[in-house]
Amino acid sequence: MNPPRIQPIAAQQTHALRHRVLRPHQSRTDMAYPGDDDPATIHLGAIDEEYSVVGIVSLYTAPLPANAGLPAGPGDWRLRGMAVDPASRGKGYGKLLVANGLAAAKAAGATRVWCNARTSAAGFYQRQGFTTAGQPFDLPGIGEHYVMWIAV
């Protein structure tokens, strides 16, 4: 097996996995997130041996939210829409997507990257170096989350 490739992709290429993995209860048109088409936004895809997008992550310029209990800063970026197809999990795609996303955001001027992590994914983000900030909160229709962040 060849190592996974991580490469820039178009925002529209994230929609299928966002829908299938993260928000199957929402419509496909809801998979376009605010800021997706901003020129500063970074979308990365994990590409398998069949040249299919099996993992995604997007990074946006966005201040740390107030519920994190930390002051926002000018170098804040948000990691959002991280997903790996269930059939491709355990192959290192997620770890590579986060590492490449953090590096790309840092190269674009980020000093801190934050995310709203599902409580079920908090351990994954902790293993990547993220720290939990604030208290858990509920995103209606999606579930309980933590704000997590990492300095880059």
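To be clear, the structure that these remarks concern was listed above.
Residues numbered from 1 in each chain as written. Predicted model: local features only at pLDDT ≥ 70, side-chain atom pairs only at ≥ 80, totals over all residues. Heavy atoms only, no water.

**Student:** Which parts of the structure should I look at to understand the sheet that holds strand S3 (residues 53-61)?
**Tutor:** In any sheet, the strands associate via hydrogen bonds between backbone groups, in a parallel or an antiparallel arrangement. Taken in spatial order, the seven strands make up an open sheet running S1-S2-S3-S4-S5-S7-S6, and their pairing is mixed. Each edge of the open sheet is held by one strand with a lone partner, namely strand S1 (5-8) and strand S6 (131-139). Each strand of the sheet is rotated relative to its neighbour by a mean of 25°, with strand direction disregarded. Note: strand S5 (residues 112-118) against strand S7 (residues 143-151), seven bridges, orientation antiparallel. The residue of S7 that forms the bridge with Trp114 is Trp149. Across the sheet, helix H1 (residues 15-22) touches strand S2 (42-47), S3, strand S4 (76-84) and S5, and the angle it forms with S3 is around 100°. (Pairing = 2+ DSSP bridges. Helix = DSSP H or I, 4+ residues; strand = E, 2+ residues; numbered from the N terminus. Axes fitted to C-alpha atoms, helices over the stretch in contact; angles between N-to-C directions. Contact = heavy atoms within 4.5 Å.)

**Student:** Mind showing me how you'd approach the pattern of salt bridges here?
**Tutor:** Opposite charge on two side chains allows them to pair when their charged atoms are near. What the rule picks out here adds up to three salt bridges. The closest approach of N and O atoms between Arg18 and Asp36, which form a salt bridge, is 2.7 Å. Remark: Asp36 occurs in the loop between H1 and S2 and Arg18 occurs in helix H1; sequence separation between them is 18 residues. Comparing Arg18 with Asp36 shows no difference in burial state: the two are buried. Two residues, Asp85 and Arg20, come together in a salt bridge whose shortest N-O distance is 2.7 Å. Taken together, the residues span a long stretch of sequence, with Asp85 in the loop between S4 and helix H2 (93-107) and Arg20 in helix H1 at a distance of 65 residues. The class of Asp85 is buried, set by a relative accessible area of 15%. Accessibility expressed as a relative area gives 47% for Arg20, which makes it partly exposed. (Salt bridge = Lys/Arg side-chain N within 4 Å of Asp/Glu carboxyl O. Buried < 20%, exposed > 50% of the residue type's maximum accessible area, 1.4 Å probe, protein only.)

**Student:** Would you mind showing me how to read the environment of Val84 here?
**Tutor:** Within the element layout of this structure, Val84 appears in strand S4. For Val84, a relative accessible area of 9% translates into the label buried. For the pair Val84 and Val152, spaced 68 residues apart in the sequence, the C-alpha separation amounts to 23 Å. If we skip the residues at most four places from it in the chain, Val84 touches Val21, Val54, Gly55, Arg89, Tyr93, Gly94 and Leu97.

**Student:** What should I look at first to understand the environment of Gly143 in this one?
**Tutor:** Checked against the element boundaries, Gly143 lands in strand S7. Setting aside its immediate chain neighbours within four residues, Gly143 contacts Phe137 and Asp138.

**Student:** Sorry, what's going on with the packing of aromatic side chains here?
**Tutor:** Throughout the structure, instances matching the rule amount to two aromatic pairs. Measuring from centroid to centroid gives 5.2 Å for Phe124 and Tyr125, while their planes differ by 75°, and the two rings are edge-to-face. Residue class for Phe124 comes out partly exposed when judged on its relative accessible area of 21%. Judged by centre distance (5.3 Å) and plane angle (75°), the ring pair of Tyr125 and Phe130 falls under edge-to-face. (Phe/Tyr/Trp six-rings, centres within 6.5 Å; stacked < 30°, edge-to-face > 60°.)

**Student:** Would you explain H2 in this entry?
**Tutor:** One turn of an α-helix holds 3.6 residues; hence residues three or four places apart share an orientation. The end-to-end C-alpha separation of H2 is 21 Å, in line with the 21 Å expected for 15 residues at 1.5 Å each. Phi turns positive, to about 115°, at Gly109, one or two residues after H2. (Expected span 1.5 Å × (residues − 1).)

**Student:** Help me understand the nonpolar core, please; the structure alone is not making it clear to me.
**Tutor:** Taken as a class, soluble globular proteins show a tendency for nonpolar side chains to be buried jointly. Grouped together as the largest cluster of nonpolar side chains are 24 residues, with contacts concentrated most on Leu59, Leu79, Met82, Val113, Tyr125 and Phe130. Elements with a minimum of two residues in this core: S2, S3, S4, H2, S5, helix H3 (122-127) and S7. With five residues, H2 is the single largest residue contributor to this core. In this view, Leu79 contacts Val57, Ser58, Leu59, Val98, Val113, Trp114, Cys115, Tyr125 and Phe130; residues no more than four positions away in its chain are not counted. (Core = buried A, V, L, I, M, F, W, Y, C linked by side-chain atoms within 4.5 Å.)

None of the figures reported here should be taken as evidence of function without further support.
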